Amino acid sequence: MQADEDARHADKMRKKQAARDKIMATKTQEKGLLIVHTGKGKGKTTAAMGMVVRAIGHGQRVGVVQFVKGAMTTGEKAVFDAFPAHVEFKPMGEGFTWDTQDRARDVAVARAAWDEVERMIADPAYAMVLADELNIVLRYDYLPLDEVLAVLTARPAMKHVIVTGRNAPDELIAAADLVTEMAQIKHPFRAGVKAQAGIEF
């Protein structure tokens, strides 16, 4: 009978709510998080940009530095440029390493981008800093991992920092508060579909 099913469902949801409320009452700490988005699947930067949008919605100031994607025009840059009081968006990369084919230049570009990330982390005006594709830079040893970890782990107590890119180093994963690994199940690129505006950039 429908009334009995509805009553059972309501009772089940009341119990779930009570259990959830009990768990939530124990979560009282507030702190700046070190967040890592890694893995072979699509969506690492996309998820990080979503967090930037949330921060804007709360009136927070965010710094975004792109280590690789600066060579291309992206939809997110066009959006964030409309919020200059809330977002400093710095696409500083020159493309993928196979595009540049110049290690010395890649190292110099990575250093300049890292200097900006470090500046933003130290600046109390920024609530959040996104180091987009920093993991790629670390994988190719364009920056010393020890130096990067020292800055990230010594960040101000309430500063959120997001790091994206494949192949996050184990040491960064260990230091992080939140790690998400994007797993690729299916991708249109493998079926001959090119990168498209609004989806990839």
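The sections below set out a description of the structure shown in this document. Since the structure is predicted, the reported quantities are computational estimates derived from the model, not experimental observations.

The rules we used
- Residues numbered from 1 in each chain as written.
- Predicted model: local features only at pLDDT ≥ 70, side-chain atom pairs only at ≥ 80, totals over all residues.
- Heavy atoms only, no water.
- Helix = DSSP H or I, 4+ residues; strand = E, 2+ residues; numbered from the N terminus.
- Buried < 20%, exposed > 50% of the residue type's maximum accessible area, 1.4 Å probe, protein only.
- Contact = heavy atoms within 4.5 Å.
- Areas by Shrake-Rupley, 256 points an atom, 1.4 Å probe, with all protein chains shown as cover.
- Lys, Arg positive; Asp, Glu negative; His and termini not counted.
- Charge placed at Lys NZ, Arg CZ, Asp CG, Glu CD.
- Arc of directions from axis to C-beta.
- Expected span 1.5 Å × (residues − 1).
- Pairing = 2+ DSSP bridges.
- Axes fitted to C-alpha atoms, helices over the stretch in contact; angles between N-to-C directions.
- 1 Å grid on protein atoms, 1.4 Å probe; cavity = no way out; pocket = protein on both sides within 12 Å on 5 of 7 lines; lining within 4 Å.
- Points joined across faces, edges and corners; volume = space filled by probe spheres on them.
- Phe/Tyr/Trp six-rings, centres within 6.5 Å; stacked < 30°, edge-to-face > 60°.
- Lys NZ or Arg CZ within 6 Å of the ring centre and 35° of its normal.

**Things to note about the overall build of the protein chain**
Here is step 1: Across its full length, the protein chain carries 8 helices and 6 strands.
Here is step 2: Starting at the N terminus and ending at the C terminus, the protein chain contains elements arranged as α-β-α-β-α-β-α-α-β-α-α-β-α-β.
Here is step 3: Taken across its 201 residues, the protein chain has 37% of its residues classed as buried.
Here is step 4: Counting contacts in the protein chain only where the partners sit at least 6 residues apart, residues at least 24 apart contribute 79% of the total.
Here is step 5: When the accessible surface of the protein chain is summed, it comes to about 12,000 Å², and 55% of that surface belongs to carbon and sulfur atoms.
Here is step 6: Across the protein chain, the 28 positively charged side chains and the 27 negatively charged ones have centroids separated by 6 Å.

**Brief notes about helix α7 (residues 145-153)**
Here is step 1: Those residues of α7 not exposed but buried are Val148, Leu149, Val151 and Leu152. Each buried residue of α7 lies within a common arc of 165° when the element is viewed along its axis, so the set occupies one face.
Here is step 2: Tucked inside the fold, the buried residues of α7 contact β1 (34-38), α5 (103-122), α6 (134-139), β5 (160-164) and α8 (170-175).

**Here we look at α5**
Here is step 1: Over its 20 residues, α5 runs 28 Å from end to end, which matches the ideal 28 Å to within 8%, given 1.5 Å per residue.
Here is step 2: Here α5 has its buried residues at Asp106, Val109, Ala110, Ala113, Trp114, Glu116, Val117, Met120 and Ile121. One side of α5 carries all its buried residues, which in axial view fall inside an arc of 155°. Structural note: α5 exposes Ala104 and Ala122 on the side pointing more than 90 degrees away from its buried face.

**Some points on the sheet that holds strand β2 (residues 62-66)**
Here is step 1: Taken together, 6 strands build an open sheet; the order of strands is β3-β2-β4-β5-β1-β6 and the sheet is parallel. Looking along the sheet, the strands with just one partner apiece sit at the ends: β3 (87-91) and β6 (178-181). Across the sheet, the axes of successive neighbouring strands diverge by a mean angle of 10°, strand direction being ignored.
Here is step 2: Of the pairings in the sheet, the one linking strand β4 (residues 128-132) to β5 comprises 4 bridges and is parallel in character. Bridged to leucine 130 within β5 is isoleucine 162.

**Some details on the layout of surface pockets**
Here is step 1: Approximately 190 Å³ is the volume attributed to the second largest pocket.
Here is step 2: Along its surface, the second largest pocket is lined by Leu33, Ile35, Met51, Arg54, Ala55, His58, Gln60, Met128 and His160.
Here is step 3: Of the residues forming the lining of the second largest pocket, the biggest block, 3 residues, is contributed by helix α2 (residues 44-57).

**Considering the pairing of β5**
Here is step 1: With 4 of 5 residues buried, β5 is to be regarded as a mostly interior element.
Here is step 2: Across 4 bridges, β1 lies against β5 in parallel orientation. Bridge pairing in β5 places leucine 34 opposite valine 161.

**Points about the packing of aromatic side chains**
By convention here, two paired aromatic rings are described through the distance between centres and the angle between planes.
Here is step 1: Going through the model one piece at a time under the given rule, you end up with 2 aromatic pairs.
Here is step 2: With 5.7 Å between their ring centres and 45° between their planes, phenylalanine 80 and phenylalanine 89 make a pair best called tilted.
Here is step 3: Judged by relative accessible area, phenylalanine 89 falls into the buried class, the value being 10%.
Here is step 4: Judged by centre distance (5.8 Å) and plane angle (25°), the ring pair of tyrosine 140 and tyrosine 142 falls under stacked.
Here is step 5: Residue class for tyrosine 142 comes out buried when judged on its relative accessible area of 10%.
Here is step 6: A cation over a ring is seen here: arginine 139 above tyrosine 140, with NZ or CZ 6.0 Å from the ring centre.

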